[in-house]
Amino acid sequence: MSVKQPVRLSLALAFGLVSATASAVNLQQLSSSAEQLMGSSTGSANNSNTSSLTSLLSSSNSLSAGNMNNAAGILQYCMKQKLVNATSADNVKNQLLNKLGLENQSSSTSQDYQQGLAGLLNSKEGQQINLDSLGNSELGKKVKAKACDLVLKQGASFIS
């Protein structure tokens, strides 16, 4: 097999995944792909997983929180990871918590909030993605940053 054949196959997979982005992205599969990407040493697995992460970048609905509790937790996670402007995110997060009646965030027992703190994004589609599992590759960082930016904008819309 020539070197060009795997590249063509990877490109075909990438175009197929991008065209399938209009449909719902299965975030559990994506999270699994990201974990494989972090631990995989084979070129074909990396190409497939990279394509999965790339498709997630173009799917904003999959990276939006399903509720205010999870959005507030994700914002705290994003601040801790230095993925958003801390001042803006902290302001939005605190307003969300106040709106939810959870002014004292340490006493919040909301499962969605606690999952958000751990980097588990519960999407509007009912899927869950572990932002930590996306790793620290350039593409993984871009997906995490996009998720944080979208949740920050979403949180601002929740409080307005």
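Whatever comes next refers back to the structure up there.
Residues numbered from 1 in each chain as written. Predicted model: local features only at pLDDT ≥ 70, side-chain atom pairs only at ≥ 80, totals over all residues. Heavy atoms only, no water.

Caption draft 1: Here's a closer look at the overall build of the protein chain. Of regular secondary structure, the protein chain possesses 7 helices and 2 strands. Within the protein chain, the proportion of its 160 residues that are buried is 39%. Partitioning the contacts of the protein chain with sequence separation of at least 6, the portion at a separation of at least 24 is 72%. When the accessible surface of the protein chain is split by element, carbon and sulfur atoms take 52% of a total near 8,400 Å². (Helix = DSSP H or I, 4+ residues; strand = E, 2+ residues; numbered from the N terminus. Buried < 20%, exposed > 50% of the residue type's maximum accessible area, 1.4 Å probe, protein only. Contact = heavy atoms within 4.5 Å. Areas by Shrake-Rupley, 256 points an atom, 1.4 Å probe, with all protein chains shown as cover.)

Caption draft 2: How the structure looks around unusual backbone geometry. Its identity is not glycine, yet Lys82 carries a phi of approximately 60 degrees, on the positive side. Checked against the element boundaries, Lys82 lands in the loop between helix 4 (68-80) and helix 5 (86-99). What makes Lys82 exposed here is its relative accessible area of 74%.

Caption draft 3: View of helix 5. With 14 residues, helix 5 ought to run about 20 Å at 1.5 Å a step, and its terminal C-alpha atoms sit 20 Å apart, in line with that. What helix 5 keeps buried is the set Ala89, Val92, Lys93, Leu96 and Leu97. The buried side chains of helix 5 occupy one side of the element, clustering within an arc of 135 degrees when seen end-on. For helix 5, the elements touching its buried residues are helix 4, helix 6 (111-117) and helix 7 (138-159). (Expected span 1.5 Å × (residues − 1). Arc of directions from axis to C-beta.)

Caption draft 4: Broad picture of the nonpolar core. Counting residues in each nonpolar core, the largest one holds 25 residues, and the members touching the most others are Leu75, Leu121, Leu131 and Val151. Broken down by secondary-structure element, the contributors of at least two residues to this core are helix 4, helix 5 and helix 7. Take this core: its biggest share by element is 7 residues, from helix 4. (Core = buried A, V, L, I, M, F, W, Y, C linked by side-chain atoms within 4.5 Å.)

Caption draft 5: The side chain of Lys144, seen in detail. Relative to the assigned elements, Lys144 resides in helix 7. The buried charged residue Lys144 lacks any salt bridge, with Asp132 as its nearest oppositely charged partner at 5.1 Å. Those residues within four positions of Lys144 in sequence are excluded, and the remaining contacts are Tyr77, Leu83, Leu131, Leu134, Gly135 and Asn136. (Lys, Arg positive; Asp, Glu negative; His and termini not counted. Salt bridge = Lys/Arg side-chain N within 4 Å of Asp/Glu carboxyl O.)

Caption draft 6: Local environment of the packing of helix 5 against helix 7. Relative orientation of the contacting elements helix 5 and helix 7 amounts to 40 degrees, with a least axis distance of 9 Å. Considered as vectors, helix 5 and helix 7 are oriented oblique to each other. Pair helix 5 / helix 7 crosses with left-handed handedness. In this structure, helix 5 contributes Ser88, Ala89, Val92, Gln95, Leu96 and Lys99 to the contact, and helix 7 contributes Leu152, Gly155, Ala156, Phe158 and Ile159. Classifying every residue of the contact of helix 5 with helix 7 gives 7 nonpolar, 3 polar and 1 charged. (Axes fitted to C-alpha atoms, helices over the stretch in contact; angles between N-to-C directions. Parallel < 35°, antiparallel > 145°, perpendicular 65-115°, else oblique. Left-handed = near helix turned anticlockwise from the far one by under 90°. Nonpolar A, V, L, I, M, F, W, Y, C, P; charged D, E, K, R; others polar.)

Caption draft 7: Representation of helix 4 in the model. Over its 13 residues, helix 4 runs 19 Å from end to end, which matches the ideal 18 Å to within 8%, given 1.5 Å per residue. Counting buried residues in helix 4 gives 10 out of 13 residues, a clear majority hidden from the surface. Three or more residues of helix 4 are buried, namely Asn69, Asn70, Ala71, Ala72, Gly73, Ile74, Leu75, Tyr77, Cys78 and Met79. Residues of helix 4 that are buried sit in contact with helix 5, helix 6, strand 1 (120-122) and helix 7. In this structure Asn67 caps helix 4, since a side-chain oxygen of it lies 3.1 Å from the backbone nitrogen of Asn69. One or two residues past the end of helix 4 sits Lys82, with phi positive at roughly 60 degrees. (Polar contact = N/O pair within 3.5 Å; in protein donor to acceptor, adjacent residues only side chain to side chain.)

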